[in-house]
Amino acid sequence: MASPEFPSLERSLEEHLPPDELRNVRRILLGGEPRKLSLPAEALAAASELDFELAAFGFEAAEEQLRPARLVRVGLVQNRLPLPPCAPVAEQVGALHRRIEEMVAVAAQCGVNVVCFQEAWTMPFAFCTREKLPWTEFAESAEDGPTTRLCQRLARAHGLVVVSPILERDEAHGDVLWNTAVVVSSSGAVLGKSRKNHVPRVGDFNEATYYMEGTLGHPVFQTPFGRIAVNICYGRHHPLNWLLYSLNGAEIIFNPSATVGALSEALWPIEARNAAIANHCFTCAINRVGVERFPREFTSGDGKPAHRDFGYFYGSSYVSAPDGRRTPGLSRTRDGLLVAELDLNLCRQTGDIWNFKVCWEGLECRAGASEVRSDQGGGRGMGRSCQEMEPPQGASSSSLVSKWRPEAPLHSVWQLRPTEPDGILDKQHAVGA
Ligand SMILES: NC(=O)NCCC(=O)O
């Protein structure tokens, strides 16, 4: 495993490769030379003053005759805990609120339209301990908890959409906990929430001790800046999860995460990028940074000695485009804000070239179903292109309408007839028929 001090793969290549070779390596590794965006001087100065990395890249699409460019700027925020997990709960939450508030102000200076934070951003990732208190005290209402109220203020003040992944306490339904992302519109209205659909039971990720798989399906939110969805952390390992968000109309899928190097770092650059390619959409992978040391020891159930930390959260947040290009990752070691300008026209353009989803989309039309929540609120405009965005066919403009439900057999399984070892395919079984 790379040591925590190793700042980033891309930086290492930049430092050690001659320019010609670097161009070739980037062509293969990132899908091309990333197009850097210039940012306002005051944003760069603020990031340096506040000690976080600020990087910005753009993904253009081909010019079309009938549709204007549909430009949206996303902001991905990764951060360490400002206070250690042994600090009082309210102080930890307050310090995180202040840190995010200052980073969002810089995002706004950079023209960000949709900002997303890391998974369970208001707390240490304490599920490794299996202890209930004090960690469950970080849970709050998705609709009107203090964190959602902060996000509403930020959304209104800066005219941006906020995706806020928290530990949710659902007081209206038996007080149960969920791993939830709250989506706040640029008008300040809570547009809705999305819950983690796959809960890890791997290594120290003992999350099923706290909450179960989400019950909300794969909601997509219509915002003034495009249709967005949230596939929380472990969901990125499940290709069908991305597919369902995409079939429900998502053009940008955020993947707020908390993951450590020993488990997943080799998978990290591949999974969200592959999802962008396979589903003709943009994906935004965000991971926290640093080591979180807990007050009491815990074991990993693997016979190894008890320990106080989970491992190294390696940051490396990045954005992938549907045509396979991606930004370099943010640092493995520092807080950071990654700004990416996306032309959403690239989703359809790439689909027209590759058609990876064509049979699924056909089924979607037959099922007549999409799951979209619409934002009727105001907020900063994105130009004509925003006004022209429409929910996908079959979707209501104001609420969740239905879940994607295939009504016909999807794929067939063919079996070899044992008497014909040369591999002639014989028998067809329609799955689900
Ligand atoms: N937070 C979370 O689901 N982590 C699981 C580990 C991983 O997905 O890499």
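All chains use their own residue numbering, which begins from 1 and follows the written sequence. For a predicted model such as this one, the threshold for reporting local features is a pLDDT of at least 70, and the threshold for listing and counting side-chain atom pairs is 80 or more; totals across whole chains, interfaces and linings nevertheless cover every residue. Note: side-chain values were computed over all heavy atoms of the structure, leaving out hydrogens and water.

The following threshold applies: UniProt positions are given in the numbering used here, feature names are shortened, and annotations may be inferred rather than shown by experiment.
By the naming in an unreviewed UniProt entry, the protein is Beta-ureidopropionase, taken from Monodelphis domestica. Here the protein is described in UniProt, under the heading Subunit (unreviewed entry), as follows: "Homodimer, homotetramer, homooctamer; can also form higher homooligomers." Under the Subcellular location (unreviewed entry) heading, UniProt states for the protein: "Cytoplasm".

### Examining the overall build of the protein
Selection criterion: Secondary structure elements are defined from DSSP: runs of H or I of at least 4 residues count as helices, runs of E of at least 2 residues count as strands, and each element is numbered from the N terminus. Each residue is assigned to one of three classes by its accessible area relative to the maximum for its type, calculated with a 1.4 Å probe on protein chains only: buried under 20%, partly exposed between the two thresholds, exposed over 50%. Contacts: residue pairs with any heavy atoms within 4.5 Å of one another. Each accessible area value is a Shrake-Rupley result obtained with a 1.4 Å probe; residue values ignore everything except the protein chains displayed when judging cover.
Looking only at helices and strands, the protein features 11 helices and 22 strands. Considering the protein as a whole, with its 433 residues, one finds that 56% of them fall into the buried category. Sequence-distant contacts, at least 24 apart, represent 71% of the contacts inside the protein between residues at least 6 apart. Of the accessible surface of the protein, which amounts to about 18,500 Å², a share of 54% is contributed by carbon and sulfur atoms.

### Some thoughts on the site of the ligand
Cut-off, in case you're wondering: In this text, near means that some heavy atom of the residue lies within 4 Å of the molecule or strand in question. Whenever two N or O atoms come within 3.5 Å, that pair is a polar contact, provided that in protein one can donate a hydrogen and the other can accept it, and provided that, for residues adjacent in sequence, both atoms are side-chain atoms. Side-chain classes are defined by residue name, with Ala, Val, Leu, Ile, Met, Phe, Trp, Tyr, Cys and Pro counting as nonpolar, Asp, Glu, Lys and Arg as charged, and the others, Gly among them, as polar.
Near the ligand lie 14 residues; those nearest to it are Glu119, Lys196, Cys233, His237 and Thr259. In the model, a nitrogen atom of the ligand is placed 3.3 Å from a nitrogen or oxygen of the Glu207 side chain. Protein coverage of the free-state accessible area of the ligand, which is 280 Å², stands at 100%. Among the residues making up the shell around the ligand, the classes are represented as 7 nonpolar, 3 polar and 4 charged.

### Looking at the pairing of strand E19 (residues 336-343)
Inclusion rule: If DSSP finds at least two bridges between two strands, the strands pair.
Of all 8 residues in E19, 8 are buried, a share of seventy percent or more. Relative to E19, strand E3 (residues 71-78) runs antiparallel, the two sharing 8 bridges. Bridge pairing in E19 places Gly75 opposite Val339.

### Describing the environment of Thr122
Summarising the element assignment, Thr122 is placed in the loop between strand E4 (114-116) and helix H5 (146-158). Sequence separation of Thr122 and Leu96 is 26 residues, and the distance between their C-alpha atoms is 6.1 Å. Each residue touching Thr122, except ones within four places of it in the same chain, is listed here: Val93, Leu96, His97, Phe138, Glu140, Thr147 and Ile166.

### Some details on the state of the cysteines
Our working definition: Note on terminology: pairs of cysteine sulfur atoms within 2.5 Å are recorded as disulfides.
Inspection of the entire model under this criterion finds 0 disulfides. Looking at Cys116, it has no disulfide partner, and the nearest cysteine sulfur is the one in Cys284, 7.5 Å off. According to the relative accessible area criterion, Cys284 is buried, its value standing at 0%.

### Topic: the packing of aromatic side chains
Worth spelling out the cut-off: Working definition: a ring pair exists when centres of Phe, Tyr or Trp rings (six-membered ring for Trp) sit within 6.5 Å. Plane angles under 30 degrees give stacked, over 60 give edge-to-face, the rest tilted. Any Lys NZ or Arg CZ that is within 6 Å of a ring centre and within 35 degrees of that ring's normal is treated as a charge sitting over the ring.
This model, assessed by the stated rule, comprises 16 aromatic pairs. Where Phe310 meets Phe313, the ring centres are 5.6 Å apart and the plane angle is 65°; that geometry is what we call edge-to-face. The same class applies to Phe310 as to Phe313, namely buried. Three or more aromatic residues joined by ring pairs make a cluster, and in this case those are Phe125, Phe127, Phe205, Tyr210, Tyr211, Phe310 and Phe313. Here the basic side chain of Arg288 rests over the ring of Phe313, its NZ or CZ set 5.8 Å away from the ring centre.

### With respect to the side chain of Ser8
Inspection of the secondary structure assignment puts Ser8 in the segment before helix H1 (9-16). When its relative accessible area of 4% is taken as the criterion, Ser8 is described as buried. One polar contact links the side chain of Ser8 to the main-chain amide nitrogen of Glu10, over a distance of 3.4 Å.

### Here's the deal with empty space enclosed by the protein
What counts, and what does not: In this analysis a 1.4 Å probe is tested at points of a 1 Å grid over the protein atoms alone, and where it fits but cannot get out there is a cavity; an open set with protein on both sides within 12 Å along at least five of seven lines is a pocket; lining residues have an atom within 4 Å of a point. Grid points are joined across faces, edges and corners, and a volume is the space filled by probe spheres set on the points.
Tallied over the entire structure, the rule returns 2 cavities of 30 Å³ or more. Its volume calculated, the largest cavity comes out at about 70 Å³. Taken together, Pro200, Val202, Phe205, Glu207, Cys233, Tyr234, Arg236, His237, Ala258, Thr259, Leu263 and Ser264 make up the full set of residues lining the largest cavity. Here the lining of the largest cavity is composed, by residue class, of 7 nonpolar, 3 polar and 2 charged. Forming the boundary of the second largest cavity are Glu10, Leu13, Leu22, Val25, Arg26, Leu29 and Leu30. Where the lining of the second largest cavity is concerned, the elements lending two or more residues are H1 and helix H2 (19-29). Looking at the lining of the second largest cavity element by element, the count peaks at 4 residues for H2. The residue makeup of the lining of the second largest cavity, split by class, is 5 nonpolar, no polar and 2 charged.

### Topic: the UniProt feature "domain: CN hydrolase" (unreviewed entry) in the protein
When the UniProt feature table is mapped onto this chain numbering, "domain: CN hydrolase" (unreviewed entry) sits at residues 72-344. For residues 72-344, the end-to-end C-alpha separation is 7 Å, with 22% helix and 31% strand making up the annotated structure.

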